[in-house]
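Listed below are the residues making up each chain.
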Amino acid sequence: HGTSRVNEQGNLEIGGCDTTQLAATYGTPLYVYDEQQIRTKCREFVKAFHNTGFSFQVAYASKAFCTMAMCKLVEEEGLSLDVVSGGELYTALQAGFPVERIHFHGNNKSRDELIMALDAKIGCFVVDNFYELHILAQLAEERNEKVAVLLRVTPGVEAHTHEYISTGQIDSKFGFDVQNGQALEAIQFSHESNHLHLLGVHSHIGSQIFETEGFLVAVKRLTELLGEAKEKLGFLPEVLNVGGGFGIRYVEGDTPQPAETYIKAITDIVRQELTALAIPLPEIWIEPGRSIVGDAGTTLYRIGSHKDIPNVRKYIAVDGGMTDNLRPALYDAEYEAAIANKMNAPATEVVSIAGKCCESGDMLIWDVKLPEAQAGDILAVPSTGAYGYSMANNYNRIARPAVVFVKDGEAEVVVRRETYAEVVGHDVLPKRAQLMR
Ligand code: LLP
């Protein structure tokens, strides 16, 4: 997909760059992002809204991959940006992202984070709970400002996806519940507040969703709520935010729909339901993360040791693992792989790809068919662009990999490889230990 192809040397090429050369130049593990592919995905979502008759905002959910370079690219593509922490907000501000297009999410924003965002004059707070709502209203009053908010509600929809990545079901830590009247109470409070400007409501039903049904059920719950809010409070929404969660292809059998299919289904049902309630059509906002960056990212590893257990399994170890891709260990996520320097060689053996961490669960892929691998070969794992780098960690004091963007035969480092000095950089030797010497 994207700009990937096999070149004359039989090597995997992305964005016009030979991945074996990228590995040699920048080292491994290495996150390689196909810049054109990210831009294509941004444009597909924007284009999907054309001809729907709706005003819209596409906010990239930066949690999927948040770096200054990515914020810059998102700005260039005209998208908005969803941040969920002071750190993501800081990244966006450092990249010079237009503040009015920043939306701030999170189920436990601290007072300091709220102040940081108020000082920056961001476009919208997606308020999750009464604790936050009251702090924000109080801060806005103290500052004599009127702050734009959306209310995150839990519509009680279970998306058909892995349990740990569903966030819209009833038993969820996120949002105001629709069922028990919390959501309506929050609408009333915000609508009547002199210092909050209630734009509308938000819901996010989960992640890696293939079917449109979940969105349809969620929209119905939201529009029912809006019908009640109109009737009882006279509130009319300017914005309806239906979240993100659009799936991508990781392995064969994954069946994501094109952006257009999701957006058409969503806008059709919103129009139908709100027209029936005589509510003027609001802007539709969405928050795709994975579907913007997921299949634009490929991780390159160098193959090292192997362990052959006759008649049982052959393990092949790479120089990364759960430190650069936590998803297999955390969610049993599946990936495919290829040997980047043997793209034309026949796949002859079934092997399992192990990471290098001191943990049996540090396996990247079970049972993948590959050409015969040797130490020094470059293993490419595609579709690692979302929640790979962003969930990378320093377990076993492993330094985090570099990130490069490739396009038209040129590669640019957008995140430097971490050094060991940086890994220990926050450590402080206790004074007592020095005295004991
Ligand atoms: N909006 C909200 C409010 C969210 O909670 C999320 C994701 C998104 C948008 C973006 O969802 P996406 O389009 O990327 O599916 N670490 C997990 C995914 C966690 C998603 C959490 N919320 C993974 O690696 O699969």
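Taking an unreviewed UniProt entry as the reference, the chain is identified by name as Diaminopimelate decarboxylase belonging to Brevibacillus formosus. Under the UniProt heading Function (unreviewed entry), the entry covering the chain gives this text: "Specifically catalyzes the decarboxylation of meso-diaminopimelate (meso-DAP) to L-lysine." Note on the chain: under the UniProt heading Catalytic activity (unreviewed entry), the record states "meso-2,6-diaminopimelate + H(+) = L-lysine + CO2".

With respect to the secondary-structure elements, Leu-199 resides in strand S11 (residues 196-202). Along the sequence, Leu-199 and Leu-281 sit 82 residues apart, while their C-alpha atoms lie 13 Å from each other. When sequence neighbours within four positions are dropped, the list of residues in contact with Leu-199 reads Cys-124, Ala-148, Val-149, Leu-150, Glu-238 and Val-239.

Attention shifts here to the pairing of strand S9 (residues 147-154). Among the 8 residues of S9, 7 are classified as buried, and the element is accordingly described as predominantly covered. Assessed by its sense of winding, the connection that carries the chain from strand S8 (residues 124-127) through helix H6 (residues 130-142) to S9 is right-handed. One ladder, built from 6 bridges, connects S9 with S11; its direction is parallel. Paired with Val-147 across the strands is Leu-196, a residue of S11. Bridging between S9 and strand S10 (residues 176-177) involves 2 bridges; their strand directions are parallel. Paired with Thr-154 across the strands is Asp-177, a residue of S10.

Between helix H5 (residues 111-120) and H6, whose axes approach to 11 Å, the crossing angle comes to 45°. On the basis of the axis angle, H5 is oblique to H6. Of the two possible hands of crossing, H5 and H6 adopt the one that is right-handed. Facing Arg-111, Leu-114, Ile-115 and Leu-118 of H5, the residues of H6 in contact are Ile-135, Leu-136 and Leu-139. For the contact of H5 with H6, the residue count by class is 6 nonpolar, no polar and 1 charged.

Below, the discussion takes up the packing of helix H8 (residues 213-233) against helix H9 (residues 259-276). Taken N-terminus to C-terminus, the directions of H8 and H9 make an angle of 30°; their axes are 10 Å apart at the nearest point. The angle between the axes of H8 and H9 places the two elements in the roughly parallel class. Seen from above, H8 lies across H9 with right-handed handedness. Contacts between H8 and H9 involve Phe-215, Leu-216, Val-219, Lys-220 and Thr-223 on the former and, on the latter, Tyr-262, Ala-265, Ile-266, Ile-269, Val-270, Glu-273 and Leu-274.

The domain boundaries assigned to the chain delineate domain 1 (5-31 + 294-423) and domain 2 (34-292). Distance from the C-alpha centre of domain 1 to the C-alpha centre of domain 2: 33 Å. With 22 residues of domain 1 at the interface, the matching set in domain 2 holds 22 residues. For the side of domain 1 that touches domain 2, the elements supplying multiple residues, two or more each, are strand S20 (402-407) and strand S21 (410-415).

Taken together, 3 strands build an open sheet; the order of strands is S1-S2-S3 and the sheet is antiparallel. Across the chains shown, the open sheet's two edge strands, defined by having one partner strand only, are strand S1 (5-6) and strand S3 (17-18). In this structure, strand S2 (residues 12-14) lies alongside S3, joined through 2 bridges in antiparallel fashion. Looking at S3, one finds that Ile-14 is bridged to Cys-17.

Relative to strand S15 (residues 313-318), strand S14 (residues 297-309) runs antiparallel, the two being bridged by 5 bridges. Within the sheet, the bridge partner assigned to Ile-309 lies in S15 and is Arg-313. Once S14 ends, the chain turns through 3 residues before running back antiparallel as S15, passing Asn-311 with a positive phi of about 65°. Taken together, the 3 bridges between S15 and strand S17 (residues 349-354) define a ladder with parallel strand orientation. In the strand pairing of S17, Ile-316 is matched with Ile-353.

A word on H9. Turn by turn, an α-helix covers 3.6 residues, leaving residues three or four places apart pointing in a common direction. With 18 residues, H9 should reach 26 Å at 1.5 Å per residue; the first-to-last C-alpha distance of 26 Å fits that figure. Within H9, burial applies to Ala-259, Tyr-262, Ile-263, Ile-266, Thr-267, Val-270 and Leu-274. Relative to the axis of H9, the buried residues are bounded by an arc of 115° and lie together on one face. What points out from H9, more than 90 degrees from its buried face, is the exposed set Thr-275 and Ala-276. Where H9 is buried, its residues contact helix H2 (35-49), H8, strand S12 (239-241) and strand S13 (283-286). A positive backbone phi angle near 55° is found at Ala-278, which sits one or two residues after H9.

This part takes up the site of the ligand. Neighbouring the ligand are 21 residues; Ser-207, Gly-244, Gly-289, Arg-290 and Tyr-387 lie closest to it. Counting only domains with at least three residues in the shell around the ligand, you end up with domain 1 (5-31 + 294-423) and domain 2 (34-292).

Let us now look at the UniProt feature "binding site: pyridoxal 5'-phosphate" (unreviewed entry) in the chain. According to UniProt, the "binding site: pyridoxal 5'-phosphate" (unreviewed entry) feature falls on Gly-245, Glu-287, Pro-288, Gly-289, Arg-290 and Tyr-387. With respect to the helices, strands and loops of the structure, Gly-245 is situated in the loop between S12 and H9. On the basis of neighbour count, Gly-245 is assigned to the buried category, with 29 C-beta atoms found within 10 Å. Each residue touching Gly-245, except ones within four places of it in the same chain, is listed here: Ala-159, His-204, Ile-205, Gly-206, Ser-207 and Ile-209. Along the chain, the position of Pro-288 falls in the loop between S13 and helix H10 (290-293). Using a count of 27 C-beta atoms within 10 Å as the deciding quantity, one classes Pro-288 as buried. When near neighbours in sequence (up to four residues on either side) are disregarded, Pro-288 contacts Phe-45, Val-58, Tyr-60, Ala-61, Gly-244 and Phe-246.

Thresholds applied
- Residues numbered from 1 in each chain as written.
- Predicted model: local features only at pLDDT ≥ 70, side-chain atom pairs only at ≥ 80, totals over all residues.
- UniProt positions renumbered as here; feature names shortened; annotations may be inferred.
- Helix = DSSP H or I, 4+ residues; strand = E, 2+ residues; numbered from the N terminus.
- Contact = placed C-beta atoms within 7 Å.
- Buried ≥ 20, exposed ≤ 12 C-beta atoms within 10 Å, placed from the backbone.
- Right-handed = clockwise from strand over helix to strand, strands pointing away.
- Pairing = 2+ DSSP bridges.
- Axes fitted to C-alpha atoms, helices over the stretch in contact; angles between N-to-C directions.
- Parallel < 35°, antiparallel > 145°, perpendicular 65-115°, else oblique.
- Left-handed = near helix turned anticlockwise from the far one by under 90°.
- Nonpolar A, V, L, I, M, F, W, Y, C, P; charged D, E, K, R; others polar.
- Domains from an automatic or database assignment.
- Expected span 1.5 Å × (residues − 1).
- Arc of directions from axis to C-beta.
- Near = placed C-beta within 6 Å.

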